[in-house]
Amino acid sequence: MRRSVDPTTLVVCATLPRPTRSGACAAWLDTLGRSAAVTWAATPDTLGAVTEAARSRGVSVPDLALAVQPGWLDSRATLRRMVDEARQVVPGLDAAVLRGPRPLAHQSLLAEEGMRVVVVDAFADAGRGSRRPAPAGWRCRNPVWGLWEVQVDPPRPAGMVGWMLHGSMPRPRPGTLHVLHAGDMPADRPVSGRLDRWLAWAERRAATGRLRLVQLTDLPAILGRGGAAPVSGSVLKAA
């Protein structure tokens, strides 16, 4: 039975830097990488380094997405090659993140290559519509069959951390989707106070049933159910 008041759905993403030394991904994995609540975006070489570090430590590979570089969108061939490289090191990879004002392009190619969800800052072709309706209050669209575009929460005047910690913005409305991106992780140290604060905030609200924290790769299935959680089991993941 559905809850009388649906929880807020939250996705938290961050982008990993390209490895600068052999132990960089291992150090990151030992600190932040084991948080099952975060989806980590990276270029193909970093994705490979993360999976290798996870295997060497005998731990699960974290939730990963391809960090699409805006220049890749200049050429269908380039975009296809980079997606292929990423899926060679992470078989089954089906999520991506595109940061910046440039809208996503070549959606049909991405769907053909196995991508199912892409986080973007802006939608392209606003009049194009959506193949399937998104749940009310969710900034998502289905531009081609098999692919969802999901928009990052816009910047707030007081900053997202202010919204999270100081109540400077209204609380997220029940039944809505919020996608947060913590930015690029520092290359010199595997530390992120912002992520720690966001996850602590989310964990407190998840404990009360007001929020469900899901990975980016969970979203296509959730969207296929109109935003509903599974009838049995749970997509909630502890931070």
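Scroll up to find the structure this text is about.
Attention shifts here to the pattern of salt bridges. Evaluation of the coordinates by the stated rule reveals six salt bridges. Notably, a salt bridge pairs glutamate 149 with arginine 141, separated by 3.2 Å at the nearest N-O pair. Taken as a pair, glutamate 149 and arginine 141 share a single burial class, namely buried.

Packing of helix α2 (residues 44-57) against helix α3 (residues 76-89) brings their axes to within 9 Å, and their N-to-C directions diverge by 5°. Looking at the two axes, α2 sits roughly parallel to α3. For the pair formed by α2 and α3, the contact residues are Pro44, Leu47, Gly48 and Thr51 on the first element and Met82, Glu85, Ala86 and Val89 on the second.

Trp40, Leu66 and Leu195 are the most contacted members of the largest nonpolar core, which totals 49 residues. Sort the elements by how many residues they give to this core and helix α6 (residues 193-207) lands first, with six residues. Within the second largest apolar cluster, 21 residues are counted, among which are Val150, Leu177, Leu216 and Ile222.

The next point concerns α6. Its 15 residues place the ends of α6 21 Å apart at the C-alpha level, agreeing with the 21 Å of an ideal helix rising 1.5 Å per residue. Within α6 the residues assigned to the buried category are Leu195, Trp198, Leu199, Trp201, Ala202, Arg205 and Ala206. The arc that holds the buried residues of α6, viewed along the axis, is 160°, so those residues lie on one side. Where α6 terminates, the next one or two residues include glycine 209, which has phi positive at roughly 85°.

It is worth spelling out the pairing of strand β1 (residues 8-15) at this point. Taken across its eight residues, β1 has eight buried, putting it largely inside the fold. Burial along β1 is two-sided: the residues Thr8, Leu10, Val12 and Ala14 and Thr9, Val11, Cys13 and Thr15 are all buried. Pairing geometry for β1 and strand β9 (residues 211-214), over four bridges, is parallel. The partner of leucine 10 across the bridge, within β9, is leucine 213. Direction of pairing for β1 relative to strand β2 (residues 38-42): parallel, over a ladder of four bridges. Residue pairing for β2: cysteine 13 is matched across the bridge by threonine 39.

This next bit is on unusual backbone geometry. Not every positive phi belongs to a glycine, and histidine 106 is a case in point at roughly 60°. By secondary structure assignment, the location of histidine 106 is in the loop between β4 (95-98) and α4 (107-112).

Glancing now at the environment of methionine 82. Turning to its location among the elements, methionine 82 is positioned in helix α3. As for methionine 82 and valine 68, which are separated by 14 residues in sequence, their C-alpha atoms are 8.5 Å apart. Setting aside residues no more than four positions away along its own chain, methionine 82 makes contact with Pro44, Leu66 and Trp72.

It is worth spelling out the side chain of threonine 39 at this point. Mapped onto the elements of the fold, threonine 39 is located in strand β2. Of the polar contacts made by the side chain of threonine 39, one reaches the backbone nitrogen of leucine 216; its length is 2.9 Å. Non-local contacts of threonine 39, meaning those with residues more than four positions away in its chain, are made with Val12, Cys13, Ala14, Asp63, Leu64, Ala65, Gln215 and Leu216.

Definitions and cut-offs
- Residues numbered from 1 in each chain as written.
- Predicted model: local features only at pLDDT ≥ 70, side-chain atom pairs only at ≥ 80, totals over all residues.
- Heavy atoms only, no water.
- Salt bridge = Lys/Arg side-chain N within 4 Å of Asp/Glu carboxyl O.
- Buried < 20%, exposed > 50% of the residue type's maximum accessible area, 1.4 Å probe, protein only.
- Axes fitted to C-alpha atoms, helices over the stretch in contact; angles between N-to-C directions.
- Helix = DSSP H or I, 4+ residues; strand = E, 2+ residues; numbered from the N terminus.
- Parallel < 35°, antiparallel > 145°, perpendicular 65-115°, else oblique.
- Contact = heavy atoms within 4.5 Å.
- Core = buried A, V, L, I, M, F, W, Y, C linked by side-chain atoms within 4.5 Å.
- Expected span 1.5 Å × (residues − 1).
- Arc of directions from axis to C-beta.
- Pairing = 2+ DSSP bridges.
- Polar contact = N/O pair within 3.5 Å; in protein donor to acceptor, adjacent residues only side chain to side chain.

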